[in-house]
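Read off the chains here:
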Amino acid sequence: MSPNFFFLRCLSSQCSIHTHIISFYSFIHSFIHTDGPAPRPVIGQDSVEVLGASYPRDDFTNVTAKILDKVGRNLHNQPHHPLWLIKERIKAHFYSSYIGRWGNPLFSVHDNLSPVVSTEQNFDSLLIPPDHPSRKRGDNYYLNRTTMLRAHTSAHQRELVRSGLDAFLLAGDVYRRDEIDASHYPVFHQMEGVRLFTNHEVFSKVQDGHELSLFEAGGRRTPQKQETHSLEAVKLVEFDLKNTLTRLITYLFGDDVEVRWVDCYFPFTHPSFEMEVRFQGDWMEVLGCGVMEQELVNSAGAGHKLGWAFGLGLERLAMVLYSIPDIRLFWSQDERFLQQFRLPDIQQPVTFQPLSKYPPLHNDISFWLPEESEAGRESFTQNDFYELVRSVGGELVERVSLQDEFTHPRTGRRSQCYRIVYRHMERTLTQDEVRRVHQQIEHAAETELGVQGRY
């Protein structure tokens, strides 16, 4: 899980009038956005319409109707949904644990920003290089070359810092083309945190702190710090970050949780870390974090401050804390699922009681891959096939796995065989209806992906 970060600061008398206006607008917008159903998205021949806006199609457009149907669902804002419960618990922790100088919560929360963003927001604003593999068309949902469904909530980081906020949380739905199994889904939800510090805030409790500085001239980048930061400042900010997140995870998992930190790399933080917790005997990564790249902070107009950021996946936490076995369940409308999370108190522990386990059915599909294009660009990727299976099979598909690859010794043609496991979350499937869906997938693979079936 890549870290994607966001936190929003509650208004205090120190905020600029611009910050008050931005936050008030967001507050009002949240009511406008959630009080009624959003216009249904439409994929036309020349344009894509989503959330009431129209975007011209081009050669990068790859968003599907099934994905657009998820836009605006905002599971994290549906009261008593398990993702809402996790979000509200995190909010409650930060509201009660971090109080501003005037008695108001230090962190504010934004959970209604549109998932439609520019590629500049999603990548360039986070210092992600033009040739970085995360930009690939096969890994993202593009409305066109310059507009996409956000792949992480960090796409809003710069605009929120620029608005004057320096301590904030952000929650939202994000979209990535990915494999198909019980823990991966093309739409999931993230929660991010950001906190920025002035020189005084970092060193106020340090003896002779007035003589210390966040920045140094002529420094160099090391594994411990960025070239512009002083080592003293980075160590204090890193300590605050790890202490904040340890308190959060202890609050969610209990006082006896074991935590460890692993060094890692992200384009938008340095140094960067992943937090792992020991759960049921194994170490499990739960979030990513780090000291924000100063270039990012500078570009948002806060160059006199130094900050940290973190990001976590709400589904991953909910699946662990509530023992939810399949990520598709979060989209279920089955009352047997939803009623289990209608709790009188968000802090009340709950363990999901599985619905009847309906039997799986599986069918295999084998095909010859198309030749590579003259430009040498791949004409077929596994994510293309996964997306096609999702579009045709929808929630009936539990898992897709590559079973076999074969290269013909004489012609050099490549073949792949996939196993598709079908299982409905709420009823028993018949072999007849699975066969019909499977035949539709076979036909669509040939017509849309250019493969040649080996059925």
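Residues numbered from 1 in each chain as written. Predicted model: local features only at pLDDT ≥ 70, side-chain atom pairs only at ≥ 80, totals over all residues. Heavy atoms only, no water.

**Observations concerning the overall build of the protein chain**
Tallying secondary structure elements over the protein chain gives 12 helices and 18 strands in all. Over its C-alpha trace the protein chain gives a radius of gyration of 24 Å, about what one expects of a compact globule, namely 23 Å for 455 residues. C-alpha extents for the protein chain along the principal axes are approximately 75 × 55 × 45 Å. Among the 455 residues that make up the protein chain, the fraction classed as buried is 52%. Taking the intrachain contacts of the protein chain between residues at least 6 apart in sequence as the baseline, contacts between residues at least 24 apart amount to 67%. Surface accessibility of the protein chain: about 21300 Å² in total, with carbon and sulfur atoms responsible for 51%. Considering the protein chain, the positive charge centre built from 47 side chains and the negative charge centre built from 59 side chains are found 2 Å apart. (Helix = DSSP H or I, 4+ residues; strand = E, 2+ residues; numbered from the N terminus. Rg over C-alpha atoms; globule rule 2.2 N^0.38 Å. Buried < 20%, exposed > 50% of the residue type's maximum accessible area, 1.4 Å probe, protein only. Contact = heavy atoms within 4.5 Å. Areas by Shrake-Rupley, 256 points an atom, 1.4 Å probe, with all protein chains shown as cover. Lys, Arg positive; Asp, Glu negative; His and termini not counted. Charge placed at Lys NZ, Arg CZ, Asp CG, Glu CD.)

**Notes on the domain arrangement of the protein chain**
Assigned domains within the protein chain: domain 1 (42-329) and domain 2 (361-453). On a C-alpha basis, the centroid separation for the pair domain 1 and domain 2 is 33 Å. Taken residue by residue, the interface counts 18 residues in domain 1 and 16 residues in domain 2. For the domain 1 and domain 2 pair, buried surface summed over both sides reaches about 1500 Å², with 48% attributable to carbon and sulfur atoms. Seen at the junction of domain 1 and domain 2, the total is three salt bridges. There are 14 residue pairs in polar contact (both at pLDDT 80 or more) connecting domain 1 and domain 2. Residues that form the side of domain 1 that touches domain 2 fall into these classes: seven nonpolar, two polar and nine charged. (Domains from an automatic or database assignment. Buried area = accessible area lost by both parts, 1.4 Å probe. Salt bridge = Lys/Arg side-chain N within 4 Å of Asp/Glu carboxyl O. Polar contact = N/O pair within 3.5 Å; in protein donor to acceptor, adjacent residues only side chain to side chain. Nonpolar A, V, L, I, M, F, W, Y, C, P; charged D, E, K, R; others polar.)

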